[in-house]
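Summary of the model geometry
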Amino acid sequence: DIQMTQSPASLSASLGETVTIECRASEDIYNGLAWYQQKPGKSPQLLIYNANSLHTGVPSRFSGSGSGTQYSLKINSLQSEDVASYFCQQYYNYPLTFGSGTKLEIK
Amino acid sequence: EVQLQQSGPEVGRPGSSVKISCKASGYTFTDYVMNWVKQSPGQGLEWIGWIDPEYGSTDYAEKFKKKATLTADTSSSTAYIQLSSLTSEDTATYFCARTTHFDYWGQGVMVTVSS
């Protein structure tokens, strides 16, 4: 199975700041990576797929990058509504696997 | 508008089974696989498996091969997951999610295993 190591586990940042979340795969996943946002009590929502493609309706302050085994999610100009947990997921190979998540708070 | 509407919360006794539904609308049901994901309280996400509604073919994570059974009814555009031999470890929220990069999710169903 492909292991996804996500960091940091938690993150506190000020409004307007830029934050970056990292995900490392245990082997090359050839950009088969998605990022999700989950707010408390809600289902996860797709932000990014294919490592860097923005899902329909997702604000452009979210962006994804990376290749091989290293990927990142960047949130520009942090807004209060961005408070959530964020997960990465690889879909290059089965079983599909997730990172352990990053909890983002506002300072 | 793509929507995945899941059934309501379930309470099951240890050793029993529960069956959760996920009704799809806003797209052609047979065009996309449906995945199921487990989220234990305060925990991360685990992939359970997928079903191809057109052919009925399935694939499961090893951990869930004896726990979960995925089915689909194309006449009602509804996918199902049955969880058997319930234990406290099965207490969790279960989501359906479309296609391999989960572009749309159901609202989740809380399953509580309690005697």
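Summarised in this report is the structure supplied together with it. Not measured: the values here are computed from a predicted model.

What counts and what doesn't
Residues numbered from 1 in each chain as written. Chains lettered and ligands numbered in written order. Predicted model: local features only at pLDDT ≥ 70, side-chain atom pairs only at ≥ 80, totals over all residues. Heavy atoms only, no water. Pairing = 2+ DSSP bridges. Helix = DSSP H or I, 4+ residues; strand = E, 2+ residues; numbered from the N terminus. Axes fitted to C-alpha atoms, helices over the stretch in contact; angles between N-to-C directions. Contact = heavy atoms within 4.5 Å. Buried area = accessible area lost by both parts, 1.4 Å probe. Salt bridge = Lys/Arg side-chain N within 4 Å of Asp/Glu carboxyl O. Polar contact = N/O pair within 3.5 Å; in protein donor to acceptor, adjacent residues only side chain to side chain. Buried < 20%, exposed > 50% of the residue type's maximum accessible area, 1.4 Å probe, protein only.

Let's talk about the sheet that holds strand E4 (residues 34–39) of chain B
Strand pairing in a sheet is mediated by backbone hydrogen bonds. Such pairs are either parallel or antiparallel. All names here are of chain B. Read across the sheet, six strands follow the order E2-E10-E9-E4-E5-E6 without closing on themselves; strand pairing throughout is mixed. The open sheet has two edge strands, strand E2 (10–12) and strand E6 (57–60), and neither has a second partner. Recorded for the sheet is a direction-independent mean angle of 25 degrees between the axes of neighbouring strands.

What to know about the interface of chain A and chain B
Each partner contributes to the interface: chain A provides 16 residues, whereas chain B provides 19 residues. In total, about 1,400 Å² of surface goes out of reach between chain A and chain B, with carbon and sulfur atoms giving 67% of it. Counting across the chain A and chain B interface gives zero salt bridges. In this structure, the connection of chain A to chain B is made through six residue pairs in polar contact (both at pLDDT 80 or more). Mapped by element, the contributors of at least two residues to the side of chain A that touches chain B are strand E4 (33–38), strand E5 (45–49) and strand E9 (84–90) of chain A.

Some remarks on the pattern of salt bridges
The tally for this structure, following the rule as stated, stands at six salt bridges over all chains. Taking the shortest distance from any N to any O, the salt bridge between lysine 63 of chain B and glutamate 46 of chain B comes out at 2.6 Å. In this pair, lysine 63 of chain B is assigned in the loop between E6 and strand E7 (68–73) and glutamate 46 of chain B in strand E5 (residues 45–52), connecting sequence segments 17 residues apart. Judged by its relative accessible area of 57%, lysine 63 of chain B is exposed. Taking the relative accessible area as the measure of exposure, glutamate 46 of chain B reaches 25% and is therefore partly exposed. One salt bridge connects lysine 65 of chain B with glutamate 62 of chain B, and the closest N-O pair in it is separated by 3.0 Å. Judged by relative accessible area, which is 61%, glutamate 62 of chain B ranks as exposed. By sharing partners, the salt bridges in this structure join Arg61, Glu81 and Asp82 of chain A into a single network.

Here's the deal with the side chain of asparagine 35 of chain B
Mapping asparagine 35 of chain B onto the fold places it in strand E4. A polar side-chain atom of asparagine 35 of chain B sits 2.8 Å from a polar atom in the side chain of tryptophan 47 of chain B. Residue contacts for asparagine 35 of chain B: discarding those within four places in its chain leaves Leu96 of chain A together with Trp47, Gly49, Trp50, Phe95, Cys96, Ala97, Arg98, Thr99, Thr100 and Phe102 of chain B.

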